[in-house]
Amino acid sequence: MELEDHTVLVTGGAGFIGSNLANHLAEANDVTVVDDCYLGTPKNLADEVDFVDASVLEDDLPTDVDVVFHLAALSSYAMHEEDPTTGARVNVEGFVNVVEQAREDGCDTVVYASTSSIYGSRTEPSPEEMDVAVNTGYEASKLARERYGEYFSNHYDMSMAGMRFFSVYQGYGGAEEHKGEYANVIAQFADDIADGEAPVLYGDGTQTRDFTHVDDIVRGLELAAAHELDGIYNLGTGDAYDFNTVVEMLNDELGTDVEPEYVENPIPEDVYVYDTCADASKIREEAGWEPRIDFEEGIRRVCAQYTDE
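Residues numbered from 1 in each chain as written. Predicted model: local features only at pLDDT ≥ 70, side-chain atom pairs only at ≥ 80, totals over all residues. Heavy atoms only, no water.

## Notes on the overall build of the protein chain
How we decide: Strands are runs of DSSP state E lasting at least 2 residues, helices are runs of H or I lasting at least 4, and numbering of each runs from the N terminus. What the globule rule says is 2.2 Å times the number of residues to the power 0.38, and the radius of gyration is computed from C-alpha atoms. Burial classes follow relative accessibility: with a 1.4 Å probe on protein chains only, a residue under 20% of its type's maximum area counts as buried, one over 50% as exposed, and anything between as partly exposed. The method behind every accessible area is Shrake-Rupley, applied with a 1.4 Å probe, and residues are considered shielded solely by the protein chains displayed.
Within the protein chain, the regular secondary structure consists of 9 helices and 13 strands. Taking 309 residues into account, the globule formula puts the C-alpha radius of gyration at 19 Å, and the protein chain, at 19 Å, falls close to it. Considering only C-alpha atoms, the protein chain reaches an extent of 55 × 40 × 40 Å along its principal axes. Here the protein chain holds 309 residues, and 54% of them are scored as buried. When the accessible surface of the protein chain is totalled, it reaches about 13,400 Å², and 41% of it is carbon and sulfur.

This is the structure we're talking about:
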């Protein structure tokens, strides 16, 4: 089930996930992107996408659309700890501002980005209904979004789908390169190894992530809108890999033998998420979503820019 002939707004749409989504949807829909270029760049966008350089905190946003995908956010622990007030303004106030303008313009379908990090460290698959906790400003802002999403759903009968992403990656051959130090570790590790430099691993490299390819995330977002889902949904594969294994697989694919460098974790022990794993059965049952890109294929795609030269 795909979106066709819809008007669509993607906030944060010049960023990593947003640009992949906007470019995909623009093949069959009228897509507008709003981005202030803090983390994104319009260079990521296809010619068919209309780009508006604006902040989600502004008035008069182009919200007169059929569907809003709200992905704009300050999207890391470090960004929020440097400036918690700005983090809250962008992630919480910006969310409410966009959704309220969309509601006033008659849009009642919103799909937005939350985070899987509120589950904390878990090696077992995390279901949506489990208790969650907040240890960082970033997590607090995403949980606040979910609560405001619940408000818009209950009070105004809007379809509000909050998507808890699990470790989304693509590699520097895609739209991740501009994120630099904020890109997924797979992209950073691959680029280091391809350059003959040691990838830097926090601790002993045994922490695990449910790495989910951006193409699968894009399909999940589209399905959530097409089915007008309402509530909270995980987007992850249900398989987790530790960082040491990631480095081994990248070396294998690149034909290299670069040893990692282990450093003390700069993120405090009590807030660092060591393990993530998704239980995605809810969106599978309600929208038919299944991840299609297994990790071996994902690694091959990440490395293709280095191996195909």
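## A short note on a negative patch on the surface
Put simply, the rule is: Only residues whose relative accessible area exceeds 30% and that take part in no salt bridge are eligible for patches, with like-charged residues grouped when within 9 Å of each other and nonpolar side chains (Val, Leu, Ile, Met, Phe, Trp, Tyr) grouped when within 5 Å. By convention in these notes, a salt bridge is any Lys or Arg side-chain nitrogen within 4 Å of a carboxyl oxygen on Asp or Glu. Within this scheme the basic residues Lys and Arg register as positive and the acidic residues Asp and Glu register as negative, but His and the chain ends are omitted. Just so you know, the charge point we use is NZ for Lys, CZ for Arg, CG for Asp and CD for Glu.
A surface patch of like charges, here negative, comprises Glu 2, Glu 4, Asp 5, Glu 27, Asp 47 and Glu 48. Among the secondary structure elements, Glu 48 is positioned in the loop between β2 (30–35) and β3 (50–53).

## Focus: unusual backbone geometry
Here Cys 37, not a glycine, exhibits a phi torsion of approximately 65°, which is positive. By the secondary structure assignment, Cys 37 is in the loop between β2 and β3. Positive phi values are uncommon outside glycine, yet Glu 228 reaches one of about 50°. Note that Glu 228 resides in the loop between α6 (214–226) and β11 (231–235).

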